[in-house]
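Report on the structure
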Amino acid sequence: MKNLTLKQLRYFDALARHRHFGRAAEASSISQPALSLQVKELEKMFGAPLVERSTPKVRLTAIGEVVIAKGRQILLAVEELEDLVRASKGPLAGRLRLGIIPTVGPYLLPEIMLALSARYPQLELEVRESMTKALIKDLTEGRLDLAVVALPISEPNLREFALFEEEFALVRPMADAEKPIPSPKHLRTMRLLLLEEGHCFRDQALSVCKITEAQPRQLMEGSSLSTLVQMVGAGMGVTLIPEIAINLEARSTDVSIVKFPAPAPTRTIGMVWRNTHPLSEQLAQIGEIIRGVGENKRDGTGAYAS
């Protein structure tokens, strides 16, 4: 019998994630027939089908689920061995896969990349922007090395590293600029613009306003903070944005952006990675660099403080 290879496991992992031969092949940078052939070779080895091909969306068979679970453990162990080799060679170099949430990425990522490039010129940074749930899944399954998210995550297998705490700001039409800042209780009576479901910042905004159930009459959704600010500029309601977004979003449209009086609502941005990651010490050093970037960004928002 032909020996099982890591390449076959990686192809099968891509298929299990995308549940589609074409998308899995594209993600693996090979042709669809080539990926299909590798999966068939795996099935020959195990003497049973690993996927159901009768539906547009690929489904794993019972043995396929077992194979992918064990296979991912093997792939993760191999990744950590490779990282251990890298850690023993001195300064951080090579590929580093960073995940970041959409309410942080547009505002910090350019500065993060510049700072890391200056400190680690041999580092090859690969960035994925996605929502917290997807990032944590990729992190635990070994497809990311670290992720910048809102804390806490409270996953026992992940280490949390706090970067900075930031306040929320209120965005409202310019016509309301001279009005008193509404309390959270008053915000519940206003038309609140929120990010779509799945964004942690949506849940945080609802918590600030003490809203437990979305009411279609009062709430509207957008796909990004920039979209929400544009909607506010069009007079469609009010929204909340994080402190690091103020400078960029204040330039995007004619709105009033103010901070809440103390004690202002806040969130904690942090970095997470697997407890078992061999580069844990180096990742903590990267965290210190990102912390400095975040603090510098926040220092530039004072002009909008109330």
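As a starting point, this report considers the structure included with it. (Residues numbered from 1 in each chain as written. Predicted model: local features only at pLDDT ≥ 70, side-chain atom pairs only at ≥ 80, totals over all residues. Heavy atoms only, no water.)

On the secondary structure map, Ala169 appears in strand β6 (residues 158-173). Residues contacting Ala169, with those up to four places away along its chain left out, are Thr239, Leu240, Ile241, Ile246, Ile257, Val258, Lys259 and Phe260. (Helix = DSSP H or I, 4+ residues; strand = E, 2+ residues; numbered from the N terminus. Contact = heavy atoms within 4.5 Å.)

Most peptide bonds take the trans form, and the phi angle of most residues other than glycine is negative. Geometrically, the link from Leu151 to Pro152 is a cis peptide bond, its omega value of 5° lying close to zero. With respect to the helices, strands and loops of the structure, Pro152 is situated in the loop between β5 (146-151) and β6. Omega for the peptide link from Ala262 to Pro263 comes to -5°, which places this bond in the cis form. Position of Pro263 relative to the elements: it lies in the loop between β10 (255-259) and β11 (266-274). Positioned with a positive phi, Ser29 is a non-glycine residue whose angle comes to about 60°. With a phi angle near 60°, Ser154 is a residue other than glycine that sits in the positive phi range. Here Ser154 lies in the loop between β5 and β6.

Let us look at the pattern of salt bridges. Under the criterion given, the structure shown has 15 salt bridges. A salt bridge links Glu288 to Arg291, with the nearest nitrogen and oxygen atoms 3.0 Å apart. Of this pair, Glu288 and Arg291 are both found in helix α11 (residues 280-299), three residues apart, which corresponds to roughly one turn of the helix. Classification of Glu288 by relative accessible area gives partly exposed; the value is 45%. We classify Arg291 as partly exposed; its relative accessible area is 27%. Residues joined in a network through salt bridges with shared partners are Asp13, Arg17, Arg72, Arg128, Lys137, Asp138, Glu141 and Arg143. (Salt bridge = Lys/Arg side-chain N within 4 Å of Asp/Glu carboxyl O. Buried < 20%, exposed > 50% of the residue type's maximum accessible area, 1.4 Å probe, protein only.)

Turning our attention to the nonpolar core. Formed by 72 residues in total, the largest nonpolar core has its most connected members in Val148, Leu240, Ile241, Met271 and Ile286. When residues in this core are grouped by element, the largest group, eight residues, is from β6. Every residue in contact with Met271, bar those within four places of it in the chain, is listed here: Leu146, Ala147, Val148, Arg159, Glu160, Phe161, Leu163, Leu283, Ile286, Gly287 and Ile290. In this structure, Leu15, Ala25, Leu35 and Leu60 belong to the second largest nonpolar core, which totals 18 residues. (Core = buried A, V, L, I, M, F, W, Y, C linked by side-chain atoms within 4.5 Å.)

Turning our eyes to something else, we now look at the side chain of His199. Relative to the helices and strands, His199 is located in the loop between β7 (192-195) and α8 (200-208). Exposure remark for His199: the relative accessible area of 9% places this residue in the buried category. The residues touching His199, leaving out its near neighbours within four places in the chain, are Pro102, Met131 and Ser223.

Taken by themselves, the reported measurements are silent on function.
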